[in-house]
Amino acid sequence: MAATLLPSPLTSLPEDGIITVQNKSRTKPTNFSAVGSLKTCRNLNELKQLHGQITKTGFTEAPTAMTKLISACSEMGTLESLNYAKRIFSLFMKDEERSNLLFMLNTLIRGYASAGMGEEAILLYVLMVNQGILPDNFTFPFLLSACTKISAFWEGIQVHGSLIKMGLESDIYIENSLIHFYAENCEMDSAREVFDKMTERNVVSWTSLICGCGRSGNPKEAINLFFEMVESKIEPNPVTMAGVISACSKLGDLDLAKRVSSYIGDSGIELNEVLVNTLVDMYMKCGAIETAMRLIEGCNDRNLVLYNIVISNFVREGLGKEALTVFSEMLQSGLQPDRITMTAMVSACAEIGDQVFGRQSHGYILRNGFDRWDSVSNSLIDMYMRCGDPEIACRVFDLMLNKTVVSWNTVIAGFISNGDLGSASRVFKSMPQKDLVSWNTMIGGLVQESWFEDTLELFRMMQNEGVKPDRVTMVGVASAIGYLGALDLAKWVHSFIKKNEIECDMQLNTALVDMYARCGDPESSIQIFYEMEEKDVSAWTAAIVAMAMEGNGARAVELFDDMIREGVKPDGVAFVGVLTACSHSGLVEKGRRIFRSMKDVYGLFPEIAHYGCMVDLLGRAGLLEESLDLINNMPMEPNSVIWAALLAACRTHNNIELAAFAAERVTKLAPERTGVHVLLSNVYASAGKWADVAKVRMQLKEKGVQKLPGSSSIEVDGVIHEFISSDESHPQMNDITRMLDEVNCRLKDFGHVPDLANVVLDVDEQEKEHVLSRHSEKLAMAFGLINTSNRVQIRVFKNLRICADCHSFAKLVSEIYNREIVIRDNNRFHFFRQGLCSCRDYW
């Protein structure tokens with residue numbers, strides 16, 4: 001049997017080799033030098049030759065020799081050497097008189113575990129148990145290490161049970177192995193339970209728990225444990241510090257990072273390569289790039305890992321050009337990029353839109369075979385997509401041998417970023433397997449392209465397929481519902497989030513604040529805002545906009561001032577929100593003060609959107625000349641939106657000459673904006689200049705454009721009913737007409753006189769009155785009065801700005817019929833209660 005396993009003995013022996021007697025039936029060693037020289041074997045071939053020599057001398061009968069031989073094979077740590085050791089053990093085990101089997105098995109288990117071949121290690125343990133060999137306290141640390149490396153969680157649980165039955169759970173080495181096992185499997189509660197029960201803890205115990213907390217998404221706990229460890233007089237080692245530094249990186253807390261860094265300096269822990277690399281990564285992730293670069297300057301050995309950390313962090317921060325500079329320095333130092341470097345460099349090219357260098361990087365990747373890595377190919381797909389070349393991106397995708405779900409998601413996201421939602425949808429439908437990111441990407445894309453109803457339909461499909469949504473999903477869904485203004489759906493979604501215990505972070509809470517505001521429920525919007533534990537500038541802005549849409553400009557300004565008192569610096573979007581609120585409420589002086597503070601107090605230079613708000617604010621207040629002066633003195637060229645805002649103000653205040661001038665400027669800058677002609681036509685109609693009305697409408701006709709008819713919709717019992725001005729095709733039109741006649745009679749008793757100036761047709765007064773009575777919002781309100789119970793809120797959505805007569809009509813209906821009426825036009829919400837409107841007749 002031995003002849004088939006072992007090679008021929010050495011043809012020549014060293015002077016200190018084995019000396020044998022001439023008795024061929026039995027050899028007898030005179031010393032142990034052959035066994036001792038096992039330590040000098042450099043590879044398996046040399047070890048096999050020495051094994052042959054030992055076999056020839058008969059020393060294989062000695063358990064010590066075989067144990068050392070198995071140990072030497074195991075320490076080599078290759079699959080071939082470990083299997084060779086296992087075969088030696090199998091032969092040795094057949095002799096029942098031979099002992100020391102436990103040590104041999106422990107050695108083999110350790111070898112397989114160290115080499116990452118956990119399944120083999122576990123099978124050896126099973127063999128040990130089946131042979132009746134009782135494991136000891138040396139067996140279980142190696143066995144748990146094997147379970148950890150291959151994520152054999154349930155096997156590890158059984159091992160834990162076995163060692164408890166044997167009474168070995170109090171061994172510190174086993175306890176440390178258990179902590180490491182549970183931590184690596186993100187079972188931190190179990191790891192902490194083992195840790196808390198330990199009667200003695202060493203640096204390994206603390207380090208395993210600290211690193212586990214950091215990896216499992218609880219970096220704060222990792223930092224707390226570190227300081228607790230220091231207070232317990234346990235000195236951390238470099239591995240501990242690497243875990244703590246990594247936790248600081250995840251938190252992005254610069255003050256904490258400095259404290260940890262100071263401890264390293266004070267404690268005298270030697271800065272090895274690993275610690276330097278983690279420190280640089282920590283400082284860069286905490287935003288202290290200059291500190292990180294100073295640390296790099298003092299580093300003599302700048303290895304590839306360090307360069308990869310710097311380049312990757314620059315890319316993560318959106319500093320693609322800086323990443324290219326560091327990459328160039330790395331090449332000059334003689335280091336060769338690896339796949340991690342090239343992944344980061346391709347991402348840098350995507351960031352700055354440099355397809356030329358991206359193609360060069362692609363060539364290097366192909367020459368070095370890096371494209372076989374999924375992450376590299378995925379970054380190439382992303383780069384070509386972001387550079388506007390989806391054709392090449394798809395070619396890279398098609399050539400991938402292993403298309404992971406990440407690859408599919410990258411293609412979908414790329415098509416969405418290029419505005420090609422059709423292709424994105426086709427790829428999504430053809431995916432062999434979808435994950436949550438796939439659904440979230442499509443939902444986000446649909447919202448981005450304003451396909452709100454499709455967003456909700458996709459969300460329903462997601463639920464039907466049993467995919468559990470997360471906070472990212474719900475942010476997209478809440479945004480879609482907000483734009484649709486579907487209050488019932490908004491309430492359902494809010495309830496769904498609570499029922500399914502979806503994490504409501506600051507972003508999702510902000511989306512809910514915005515959703516309720518857009519659905520005309522400012523009370524729920526503000527309630528959610530005040531319940532938020534943390535509020536950033538986006539959350540404050542959403543609350544400010546909620547008040548602006550309600551018409552509560554004073555409250556919006558109060559919120560803006562509260563935000564500043566809380567130490568939150570307003571950004572450009574926040575200023576747009578509060579200036580809009582001032583505009584809708586006629587708060588001219590406050591608007592002027594806030595506008596000036598942008599530059600004088602916060603160092604923000606007003607952009608064209610802010611000037612647009614001020615033009616609208618001044619124009620609504622009738623300060624048309626001041627508004628025009630502001631336009632003429634803007635530091636940038638006014639766009640069509642600016643002139644359109646002035647035109648709308650001229651319509652409100654009947655300034656015909658300035659309206660014609662503003663309309664001319666809009667037409668020149670944006671000839672596709674045909675709505676401007678309609679607005680100008682209405683200005684002429686209000687002034688009774690019917691010839692000019694005819695001229696403008698002729699221009700529209702020549703362009704093939706028709707005036708957008710006013711339409712209003714109302715939802716009753718889950719069904720949306722749409723009404724178009726003067727259209728009498730609704731099935732309940734007879735009932736609606738009778739309801740309108742009743743309402744008009746009761747309004748006349750209250751002294752209401754129709755405002756015929758809102759009819760822009762050259763007809764007699766009787767006809768004007770009839771046209772006015774058939775405005776779409778009046779039809780919708782009458783339908784609501786007929787088909788809803790008393791005291792039920794009537795909610796109407798209109799595609800155009802509500803006219804003054806319909807506004808007066810809604811106020812009186814709310815009082816006469818004791819109904820709350822909510823009308824959202826294309827500009828804002830109007831809340832009518834007891835004869836009053838939230839806009840205070842200023843809109």
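This structure is a prediction, so every number in the text was calculated from the model and none was measured.

Describing the packing of aromatic side chains
For the coordinates displayed, the defined rule picks out 24 aromatic pairs. Their ring planes at 15 degrees and their centres at 5.8 Å tell us that F153 and F181 sit as a pair that is stacked. Here the residue F153 occupies a position in helix α9 (residues 153-165), and F181 occupies one in helix α10 (residues 172-184), the gap between them amounting to 28 residues. Across the pair, F181 and F153 agree in class, each one buried. Ring pairing ties together the aromatic residues F153, W154, F181 and Y182, which thus form one cluster.

Description of the UniProt feature "repeat: PPR" (unreviewed entry) in the protein chain
Mapped onto this numbering, the UniProt entry annotates "repeat: PPR" (unreviewed entry) at residues 101-135, 202-236, 303-337, 404-434, 435-469 and 536-570. With 77% helix and 0% strand, residues 101-135 has its two end C-alpha atoms placed 10 Å apart. Across residues 202-236, helical content stands at 74% and strand content at 0%; the span's end C-alpha atoms are separated by 9 Å.

Looking at the sheet that holds strand β5 (residues 829-833)
Taken in spatial order, the 6 strands make up an open sheet running β2-β1-β3-β4-β5-β6, and their pairing is mixed. Each of the sheet's edge strands pairs with one partner strand only, and the pair in question is β2 (719-724) and β6 (836-837).

Side note on the packing of helix α6 (residues 101-114) against helix α8 (residues 139-149)
Closest axis-to-axis distance for the α6/α8 pair is 9 Å, and the angle between their directions is 25 degrees. Overall, the two elements α6 and α8 adopt an arrangement that is roughly parallel. Crossing of α6 over α8 shows left-handed handedness. Across from L102, N106, I109, R110, A113 and S114 in α6, the residues of α8 making contact are T139, F142, L143, S145, A146 and K149. Considered class by class, the residues forming the contact of α6 with α8 number 6 nonpolar, 4 polar and 2 charged.

A closer look at helix α34 (residues 572-585)
When the terminal C-alpha atoms of α34 are compared, their 20 Å separation across 14 residues agrees well with the 20 Å that a helix rising 1.5 Å per residue should span. Of all the positions in α34, only A574, F575, G577, V578, L579, A581, C582, S583 and H584 are classed as buried. For α34, the elements touching its buried residues are α32 (537-550), α33 (553-565), α35 (588-600) and α36 (608-620). Its side-chain oxygen at 3.3 Å from the backbone nitrogen of V573, D571 defines the N-terminal cap of α34. Downstream of α34 by one or two residues, G586 has phi in the positive range, about 70 degrees.

Focus: the pattern of salt bridges
It is possible for side chains of opposite charge to pair when their charged atoms get near one another. Under the criterion given, the structure shown has 25 salt bridges. Across the pair R592 and E626 runs a salt bridge, and its minimum N-O distance is 2.6 Å. Highlighted residues: R592 in helix α35 and E626 in helix α37 (residues 624-632), separated in sequence by 34 residues. When salt bridges with common partners are traced through the structure, they connect R192, D196 and E221 into a single cluster.

Conventions adopted
- Residues numbered from 1 in each chain as written.
- Predicted model: local features only at pLDDT ≥ 70, side-chain atom pairs only at ≥ 80, totals over all residues.
- Heavy atoms only, no water.
- Phe/Tyr/Trp six-rings, centres within 6.5 Å; stacked < 30°, edge-to-face > 60°.
- Helix = DSSP H or I, 4+ residues; strand = E, 2+ residues; numbered from the N terminus.
- Buried < 20%, exposed > 50% of the residue type's maximum accessible area, 1.4 Å probe, protein only.
- UniProt positions renumbered as here; feature names shortened; annotations may be inferred.
- Pairing = 2+ DSSP bridges.
- Axes fitted to C-alpha atoms, helices over the stretch in contact; angles between N-to-C directions.
- Parallel < 35°, antiparallel > 145°, perpendicular 65-115°, else oblique.
- Left-handed = near helix turned anticlockwise from the far one by under 90°.
- Contact = heavy atoms within 4.5 Å.
- Nonpolar A, V, L, I, M, F, W, Y, C, P; charged D, E, K, R; others polar.
- Expected span 1.5 Å × (residues − 1).
- Polar contact = N/O pair within 3.5 Å; in protein donor to acceptor, adjacent residues only side chain to side chain.
- Salt bridge = Lys/Arg side-chain N within 4 Å of Asp/Glu carboxyl O.

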